[in-house]
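Single-letter residue listing:
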Amino acid sequence: MKHNKYEIDMCSGSIMDKLISFALPLMISGILQLMFNAVDIVVVGKFTGSQALAAVGSTTSLINMFTNLFIGVSLGSNVLAARFYAAGKSREMSETVHTSILFALISGIAMAFVGLFFSRLALELMGTPDDVIGQSVLYMRIYFCGMPFFMLYNYGAAILRSVGDTKRPLLFLIISGLINAGLNMFLVIVFHLGVAGVAIATVISQMISCILVLRCLWQSEESYQLRFSKLAIKSYYLKQIFQVGIPAGIQSTVINFSNVLLQSSVNSFGSIAMAGYTAANNIFGFLYVAVNSVTQACMSFTSQNYGIGNYKRIDKILVNCMVLTVSIALVLGCGSYFLGPEILKIYTSDPEVIKCGTEILAYTTATYFLCGLMDLFPGPMRGVGYSAVPMILSIIGTVGTRIVWIFGFFPHHRTLSFLFLSYPASWIFSIILQVICLYFVRKRIYRAGKAKPEN
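How each quantity is defined
- Residues numbered from 1 in each chain as written.
- Predicted model: local features only at pLDDT ≥ 70, side-chain atom pairs only at ≥ 80, totals over all residues.
- Heavy atoms only, no water.
- Helix = DSSP H or I, 4+ residues; strand = E, 2+ residues; numbered from the N terminus.
- Rg over C-alpha atoms; globule rule 2.2 N^0.38 Å.
- Buried < 20%, exposed > 50% of the residue type's maximum accessible area, 1.4 Å probe, protein only.
- Areas by Shrake-Rupley, 256 points an atom, 1.4 Å probe, with all protein chains shown as cover.
- Lys, Arg positive; Asp, Glu negative; His and termini not counted.
- Charge placed at Lys NZ, Arg CZ, Asp CG, Glu CD.
- Salt bridge = Lys/Arg side-chain N within 4 Å of Asp/Glu carboxyl O.
- 1 Å grid on protein atoms, 1.4 Å probe; cavity = no way out; pocket = protein on both sides within 12 Å on 5 of 7 lines; lining within 4 Å.
- Points joined across faces, edges and corners; volume = space filled by probe spheres on them.
- Nonpolar A, V, L, I, M, F, W, Y, C, P; charged D, E, K, R; others polar.
- Patch = residues over 30% accessible without salt bridge, like charges linked within 9 Å, V, L, I, M, F, W, Y side chains within 5 Å.
- Axes fitted to C-alpha atoms, helices over the stretch in contact; angles between N-to-C directions.
- Parallel < 35°, antiparallel > 145°, perpendicular 65-115°, else oblique.
- Contact = heavy atoms within 4.5 Å.
- Core = buried A, V, L, I, M, F, W, Y, C linked by side-chain atoms within 4.5 Å.
- Phe/Tyr/Trp six-rings, centres within 6.5 Å; stacked < 30°, edge-to-face > 60°.
- Lys NZ or Arg CZ within 6 Å of the ring centre and 35° of its normal.

1. Things to note about the overall build of the chain
Inference 1: Looking only at helices and strands, the chain features 17 helices and zero strands.
Inference 2: At 21 Å, the chain has a C-alpha radius of gyration in line with the 23 Å of a compact globule built from 455 residues.
Inference 3: Across its three principal axes, the chain shows a C-alpha extent of roughly 60 × 45 × 35 Å.
Inference 4: Scored against the burial criterion, the 455 residues of the chain give a buried share of 59%.
Inference 5: Put simply, the chain shows about 17600 Å² of open surface, and 68% of that area lies on carbon and sulfur atoms.
Inference 6: Looking at charge distribution, the chain has the averaged site of its 31 positive side-chain charges lying 11 Å from that of its 19 negative ones.

Right under this line is the structure:
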């Protein structure tokens, strides 16, 4: 199963050490990707001002909402490729790779046009204040020019993750992340380009990471080798990718839509609260990629073992992932809670902004292990091909709760603290729904297979 030093044998041997070996580079990779935006925010906050900080931050939820549908589809590529690779189906693996990469290119170009032509309209619908909307539109338009690179990198990295290789994507992001940080300082401090400078730096860094991951696939001698002459959309594989990926993407998009609604509620408090939420939201982002790395590991490990009919190992994978998720979330979440005011000073020196950010963190960081579990439980279900029902339940649990909270309860208790209590409330409700769903999916899988679950 393991063909080179970068791959991980997910189907035999101990589990926890391999999960950590898979998840840790993925976690660091996710943190580096977030640092593209975090460095933008730190640089404009320190050297351009709070309006520029609010302008960049106000685009985060909107960018995520636009992009996560296509990024979700990359999960389908990951699941399908992992299944074919474990089963030794080289032709199917190759055709999945080439279908995925071409789809990534097409979707990236489509997203570039969406960003260029609809940024202002979307920001106006969110109620972005007049004093920041001009800079917000400029940042989004430049940022979306890099969407083809962003999509190609993410789909290429998904292919590598399917065989257990999370180390080389990490190396690529270290290189591009350092370039991004250097360009940010150069374009903002030396050339005084403000939000345009940080957006340009991000696009260049995304282009570099894209080139590196495609070069890695090109040089591979395994079944996931990339050849541009073989790029083609094979409907048979695209359909299977969509079956897993589109529900995951829709779930992420709709959840981010609820965050856009929440951003609109924050906007009603003015630019100071917007800047505080921008900084706090970046801390949430770091917490999320930490726990989501375990979910990604769970999905890949589950998919490979499902591909060879090793059902008993799937239960053990989930238990180990639960332990790892809760441990990581409690350490990082509690650390963010106690060190929140000091961490926020990295983003801004404005005491009012720090106060707003601290208020938001108070109810969302120490409880973040709930978000980790909510994110984890759909992972094994997607790994075995069940993605639609977890999507529906996540939308009901997370988005439904937040919509009721924002439009039903919040108007009567207009404080930032009460607004962000909607986070742990929605996490708890979603966990209950996902656990019930997982129970029935597990029974169906064992009933369909020959193996029986271990007691």
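2. Some thoughts on the pattern of salt bridges
Inference 1: The tally for this structure, following the rule as stated, stands at six salt bridges.
Inference 2: In this structure, the salt-bridge partner of Glu 95 is Arg 91, at a minimum N-O distance of 3.4 Å. Here Arg 91 and Glu 95 lie together in helix 4 (residues 90-125), a separation of four residues that amounts to about one turn.
Inference 3: We classify Arg 91 as exposed; its relative accessible area is 51%.

3. A short note on the layout of surface pockets
Inference 1: For the largest pocket, the calculated volume is near 240 Å³.
Inference 2: The wall of the largest pocket is formed by 17 residues, among which Ile 314, Asp 315, Leu 318, Leu 438 and Arg 442 lie closest to the centre.
Inference 3: For the lining of the largest pocket, the elements supplying multiple residues, two or more each, are helix 11 (311-344), helix 14 (378-383) and helix 17 (422-448).
Inference 4: Counting residues per element, the lining of the largest pocket draws most heavily on helix 17, which supplies seven residues.
Inference 5: Residues belonging to the lining of the largest pocket are distributed by class as follows: 14 nonpolar, one polar and two charged.
Inference 6: The space that makes up the second largest pocket amounts to roughly 180 Å³.
Inference 7: Leu 62, Met 65, Phe 66, Phe 118, Leu 121, Ala 122, Leu 125, Met 126, Phe 257, Val 260, Leu 261 and Ser 264 are the residues that line the second largest pocket.

4. Notes on the environment of Gln 219
Inference 1: As for its position among the elements, Gln 219 is in helix 8 (residues 194-219).
Inference 2: The exposure class assigned to Gln 219 is partly exposed, which follows from its relative accessible area of 45%.
Inference 3: Remark: the alpha-carbon pair of Gln 219 and Lys 46, spanning 173 residues in sequence, is separated by 42 Å.

5. A closer look at a nonpolar patch on the surface
Inference 1: A grouping of Phe 47, Met 185, Phe 186, Ile 189, Val 190, Phe 191, Leu 193 and Ile 200 is seen on the molecular surface, where their side chains present a nonpolar patch of about 700 Å² in accessible area.
Inference 2: Element by element, the count of residues in the nonpolar patch is highest for helix 7 (residues 167-190), at four residues.
Inference 3: Relative to the assigned elements, Ile 189 resides in helix 7.

6. Considering the packing of helix 4 against helix 9 (residues 235-267)
Inference 1: Orientation of helix 4 relative to helix 9, taken along the N-to-C sense of each, is 70°, at an axis distance of 9 Å. Comparing the axis directions of helix 4 and helix 9 gives the class roughly perpendicular. Mapping the contact onto sequence places Arg 91, Glu 92, Glu 95, Thr 96, Thr 99, Ser 100 and Phe 103 in helix 4 and Tyr 237, Leu 238, Ile 241 and Phe 242 in helix 9.
Inference 2: Grouping the amino acids of the contact of helix 4 with helix 9 by side-chain chemistry returns five nonpolar, three polar and three charged.

7. Things to note about the nonpolar core
Inference 1: The biggest cluster of nonpolar side chains holds 135 residues, and the ones touching the most others in it are Met 151, Tyr 224, Val 266 and Phe 420.
Inference 2: The residues contacting Phe 420, other than those within four sequence positions of it, are Leu 262, Val 266, Tyr 277, Ile 360 and Thr 364.

8. Describing unusual backbone geometry
Inference 1: Phi is positive for His 192, close to 55°, though the residue is something other than glycine.
Inference 2: With respect to the helices and strands, the residue His 192 is situated in the loop between helix 7 and helix 8.
Inference 3: Overall, His 192 belongs to the exposed group, its relative accessible area being 65%.

9. Remarks on the packing of helix 6 (residues 147-162) against helix 7
Inference 1: Packing of helix 6 against helix 7 leaves a shortest axis separation of 9 Å and a crossing angle of 150°. Put simply, helix 6 runs roughly antiparallel to helix 7. Taken together, the residues of helix 7 that come into contact with helix 6 (itself represented by Tyr 153, Ala 157 and Leu 160) are Arg 168, Pro 169 and Leu 173.
Inference 2: Its residues placed into classes, the contact of helix 6 with helix 7 shows five nonpolar, no polar and one charged.

10. Some thoughts on the packing of aromatic side chains
Inference 1: Tallying each qualifying case throughout the model produces 22 aromatic pairs.
Inference 2: Ring geometry for Tyr 277 and Phe 420: centres 5.4 Å apart, planes at 45°, overall tilted. Taken together, the residues span a long stretch of sequence, with Tyr 277 in helix 10 (residues 271-307) and Phe 420 in helix 16 (residues 416-420) at a distance of 143 residues. Like Tyr 277, the residue Phe 420 is buried in the burial classification.
Inference 3: Both rings, one in Tyr 368 and one in Trp 427, keep their centres 5.3 Å apart while their planes meet at 75°; by these two values the pair is edge-to-face. Taken together, the positions of Tyr 368 in helix 13 (residues 368-376) and Trp 427 in helix 17 put the pair 59 residues apart, joining distant regions of the chain.
Inference 4: Through a chain of ring-to-ring contacts, the aromatic side chains of Tyr 277, Phe 284, Tyr 368, Phe 420, Tyr 423 and Trp 427 assemble into a single cluster.
Inference 5: In this arrangement the basic side chain of Arg 402 is found over the ring face of Tyr 423, its NZ or CZ atom lying 4.3 Å from the centre.
Inference 6: Across from the ring centre of Phe 269, 5.0 Å away, lies the NZ or CZ of Arg 414, which sits over that ring.

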